Amino acid sequence: MPIYTYECQSCKHVFEVEQSMSDAPIKKCIKCGKAVKKIIPQDSSVGIIFKGSGFYSTDNPKK
Ligand SMILES: [Zn+2]
């Protein structure tokens, strides 16, 4: 399973979570419970492509 990295917006704690693509993204810091931000790896091996009008991201599903 892929490992996602999150950074807490409050305490700046960075942690990694192993989860499948279908799992809901982590929203809370495991230390303080505040909002976290997913860190997208700046790596070409990640198969996410941003194209002008056709914005599409598989790891940010709409609900
Ligand atoms: Zn935190």
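Structure report, in brief.

As for its position among the elements, Q19 is in the loop between β2 (14-18) and β3 (36-39). For Q19, the side chain forms a polar contact with the side chain of Y6, separated by 2.8 Å.

Moving on: the environment of C11. With respect to the element layout, C11 can be found in the loop between β1 (3-8) and β2. The spatial distance from the C-alpha of C11 to the C-alpha of V36 is 9.5 Å, given a sequence separation of 25 residues. Those residues in contact with C11 that lie beyond four places of it in its chain are C29 and C32.

Let us look at the pairing of β1. Relative to β2, β1 runs antiparallel, the two being bridged by five bridges. Opposite T5, over in β2, you have E16 as the bridge partner. In this structure, the hairpin formed by β1 and β2 is closed by a connection of five residues, where K12 is found at a positive phi of approximately 65°. By the bridge criterion, four bridges tie β1 to β3 in an arrangement that is antiparallel. Across the sheet, E7 pairs through a bridge with K37, a residue of β3.

On to the sheet that holds β2, then. As summarised here, the arrangement of the three strands in space is β2-β1-β3, forming an open sheet in which the pairing is antiparallel. Two strands in the sheet have a free side with no partner beyond their single neighbour: β2 and β3. Each adjacent strand pair in this sheet contributes to an overall mean axis angle of 35°, direction not counted.

Reading the values: the criteria
Residues numbered from 1 in each chain as written. Predicted model: local features only at pLDDT ≥ 70, side-chain atom pairs only at ≥ 80, totals over all residues. Heavy atoms only, no water. Helix = DSSP H or I, 4+ residues; strand = E, 2+ residues; numbered from the N terminus. Polar contact = N/O pair within 3.5 Å; in protein donor to acceptor, adjacent residues only side chain to side chain. Contact = heavy atoms within 4.5 Å. Pairing = 2+ DSSP bridges. Axes fitted to C-alpha atoms, helices over the stretch in contact; angles between N-to-C directions.

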